[in-house]
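Okay, here's what each chain looks like letter by letter:
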Amino acid sequence: MKTQVKRWYKKHKPALVAAALTLLSIIGLSLPFLGYNLGWLGLVGLLPLLYLLQYLQKHGEVKALGFWWMVGFGSQAIILFWMLQTQPERWAGTSGWTAIGGLVFGYLAFALVLSVGFVVAGWLYKLTKSKLDNPWVFLTLPAAWVIGEFVRSWLFSVISSGPNTTLGPFWNFGALGFAASVTPLVYLSRFVGLWGLSFAVVVVNLAVFWLLHKRWKLPAVIGFGLMLATVLSWLIYKDASSKSISVAAVQLGTNDSLQIGGLDFRQGLFKLSQAKQAEVLVLSEYSGIFAEDKSQTDQALAHKLLSSENAPIITSTQTQPGADSTERRNTLTVYNPEGKIVREQDKQFLIPIGEAMPYAFIFLLKAIGQGKVIDDQFQSREVTRSPKPDTTFELNDLKIGALACSGAIGPELYRSLAVGGAQILTNSASLSIFAKAPAYHQQAQQMARFIAVANARPFVQATDGSYSFIIDQNGSWLAKSGQQNLELLVESVKLNNTKTLYTLLGEWAVVASAGVLVVAAVYSRRKLDNHKRNSYTNG
């Protein structure tokens, strides 16, 4: 019996080893996104994949790319599992088997499409002909990884495109730079941005890989260089201006969210606001702090919360279709304490299915005879996209960069506001549909810390059903709410006028990575041609 087992194992050992390394690679790439502090694991999460690549060096290119795809699909499926934990009847405006089927279809479609980015990374790495024991791998593999992340970010926009969607690199769940945002390495993002930070994470993994193979010199030099650059990026931008302001964020619990705009919500907030004086108040999406008649009770609440008659109250409102217009709009709305609207900005970046129906879903539902679902969704959920980009606005000598809801997952959107001079960044969101999707909240917090640190700006989020928080310009969590109850967070933050290199230049690391790959591919091609020429001459 033992002899038979040994023979079976010997025969199937290559497949078993490849399967084990593939599974470990999937786990290593997904675990950093299942908990906020698990982001630290991203610094070693690629090690199983590196061992898999080492094991596959003697195999054909097609087979190797197949393993890249399996790792990509498996890790993305785990990272995006929170999609299956949402409430489709509130997200997509449908219920029953259509809602569940659409949710599962969207989940699988997104995971499949995003896995293509891994195949792209594997193919680009193969083109460079780099080996894991060659020093050039510290440039070629990270560069290939960055382009793969960039491609899959755009792929999401393509597959989810629809009449009201926005094309751009806006889907970055699973980007290694976000995992690293919980580590000190995040300060490097002020120089290199999100994808430059992903580049650095791959470099760290390669350094650990070399150390495990008892190669010390180059990893030591690279580690010292990364540490020096990180400390430098922290020192340059750590000191904000001397001016401080008091900001407040309101957390609506799961139960409170059912009473948005209701008297109970405002009366509860009035009780929490004893001796609280804020210069900026951030509310969740559709908060409705003012009743339609702007009663004295509402004004008393606003004056109690805020320190001046012109202090901004940031939220969003939804315009319903009516006799004058058939369009529904989600509008970032800023009030003063008297209830007067002082700023309005229609939302531009809309969430697929929730606010904008993708063409893929339109074609699918029509093909299976469920066209009525599309009509119902348009009537109940479809939001008209603003043709104008979001911009920074100024009130009381304070420049504010504010976005509603889905803007929180798009670092490029906040960078553009920082470019416009924003001294503080805010997000007003309604996230109760994700109340039972814990991984989403953890990943969103990683994103928030990246946005704050990379732009060296305080970041304030107010929401319902998720977590409200206040982060300073160096990524310190000054305040964070619970998920269930009505809370008022008030903290003092320092403003910042200095723009980071990332804020000014954007994701330049993508262009640099493309350049590295082109040079490496050309070099490997010439080397191969010279080898063939010499072989022909000698022959």
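Residues numbered from 1 in each chain as written. Predicted model: local features only at pLDDT ≥ 70, side-chain atom pairs only at ≥ 80, totals over all residues. Heavy atoms only, no water.

**Looking at the overall build of the chain**
Broken down by element type, the chain carries 17 helices and twelve strands. A total of 539 residues make up the chain; the buried ones form 56% of that total. Residue pairs in contact within the chain that sit at least 24 positions apart in sequence constitute 73% of those at least 6 positions apart. (Helix = DSSP H or I, 4+ residues; strand = E, 2+ residues; numbered from the N terminus. Buried < 20%, exposed > 50% of the residue type's maximum accessible area, 1.4 Å probe, protein only. Contact = heavy atoms within 4.5 Å.)

**Regarding the packing of aromatic side chains**
What the rule picks out here adds up to 24 aromatic pairs. Considering the side-chain rings of Phe173 and Tyr440, the 6.2 Å spacing of their centres and the 40 degrees angle between planes classify their relative orientation as tilted. Of this pair, Phe173 sits in the loop between helix H6 (137–159) and helix H7 (176–179) while Tyr440 sits in helix H15 (residues 438–455); the two residues are 267 residues apart in sequence, bridging distant segments of the chain. With a centroid separation of 5.3 Å and 70 degrees between ring planes, the pair formed by Tyr414 and Phe459 is classed as edge-to-face. Placement of the pair is Tyr414 in helix H14 (residues 411–419) and Phe459 in strand E9 (residues 459–462), with a sequence separation of 45 residues. According to the relative accessible area criterion, Tyr414 is buried, its value standing at 0%. Ring pairing ties together the aromatic residues Trp82, Phe110, Phe156, Trp171, Phe173, Phe434 and Tyr440, which thus form one cluster. Here the basic side chain of Arg215 rests over the ring of Trp210, its NZ or CZ set 3.8 Å away from the ring centre. Across the ring face of Trp477, the terminal group of Lys480 is positioned such that the distance to the ring centre comes to 5.9 Å. (Phe/Tyr/Trp six-rings, centres within 6.5 Å; stacked < 30°, edge-to-face > 60°. Lys NZ or Arg CZ within 6 Å of the ring centre and 35° of its normal.)

**Considering unusual backbone geometry**
Of note in this structure, Cys405 is not a glycine but carries a positive phi near 55 degrees. On the secondary structure map, Cys405 appears in the loop between strand E7 (398–404) and H14. Positive phi outside glycine occurs at Ala456, with the angle close to 55 degrees. Within the element layout of this structure, Ala456 appears in the loop between H15 and E9.

**Comments concerning the pattern of salt bridges**
Within this structure, the stated rule accounts for three salt bridges. Asp239 is the partner of Lys238 in a salt bridge, and the nearest nitrogen-oxygen pair spans 3.1 Å. Relative accessible area serves as the criterion here: at 24%, Lys238 is assigned to the partly exposed category. Judged by its relative accessible area of 55%, Asp239 is exposed. (Salt bridge = Lys/Arg side-chain N within 4 Å of Asp/Glu carboxyl O.)

**Some details on the sheet that holds strand E1 (residues 244–251)**
Ordered in space as E5-E4-E3-E2-E1-E12, the six strands form an open sheet in which the pairing is mixed. Two strands close off the open sheet at either side, each with one partner strand: strand E5 (341–346) and strand E12 (487–494). Direction aside, neighbouring strands of the sheet carry axes that sit 25 degrees apart on average. With eight bridges connecting them, E1 and E12 associate as antiparallel partners. Of the residues in E12, the one forming a bridge with Ser244 is Lys494. (Pairing = 2+ DSSP bridges. Axes fitted to C-alpha atoms, helices over the stretch in contact; angles between N-to-C directions.)

**So, the confidence of the model for the chain**
Interpretation of the predicted coordinates at a detailed level should be avoided for regions scoring low in pLDDT. The share of residues in the chain with pLDDT of 70 or more is 82%, and the mean pLDDT across the chain is 84. Of the regions scoring below 50 in pLDDT, residues 257–261 engages in 13 contacts with residues more than four places distant in sequence or in other chains. (pLDDT = per-residue confidence, 0-100.)

**Structural notes on the sheet that holds strand E8 (residues 424–428)**
Taken in spatial order, the six strands line up as E6-E7-E8-E9-E10-E11 in an open sheet, and their pairing is mixed. Looking at which strands have only one partner, the edges of the open sheet turn out to be strand E6 (393–395) and strand E11 (477–480). Ignoring which end each strand starts from, the neighbouring axes of this sheet average 20 degrees apart. Against the sheet, H15 contacts E8, E9, strand E10 (469–471) and E11, and its axis sits at roughly 30 degrees relative to E10.

**Describing the pairing of E1**
Extensive coverage of E1 is indicated by the burial of seven of its eight residues. As judged from the three bridges shared by E1 and strand E2 (residues 280–285), these two strands associate in the parallel manner. Within the sheet, the bridge partner assigned to Ala249 lies in E2 and is Val282.

**Notes on the environment of Asn336**
Tracing the chain through its elements places Asn336 in the loop between strand E4 (329–335) and E5. With relative accessibility at 11%, the residue Asn336 sits in the buried group. In this structure the C-alpha to C-alpha distance between Asn336 and Val280, which are 56 residues apart in sequence, comes to 10.0 Å. In this structure, Asn336 is in contact with Phe290, Glu309, Ala311, Ile313 and Val342, ignoring residues within four places of it in sequence.

**Structural notes on helix H8 (residues 189–212)**
Taking 1.5 Å per residue as the helical rise, H8 with its 24 residues ought to reach 34 Å, whereas the 27 Å between its terminal C-alpha atoms falls clearly short. At Trp195, H8 shows its largest kink, close to 85 degrees. Burial runs high along H8: 21 of the 24 residues are buried. Count one or two residues on from H8 and you reach Lys214, which has phi positive near 60 degrees. (Expected span 1.5 Å × (residues − 1). Bend = angle between axes of the 7 residues up to and from the residue.)

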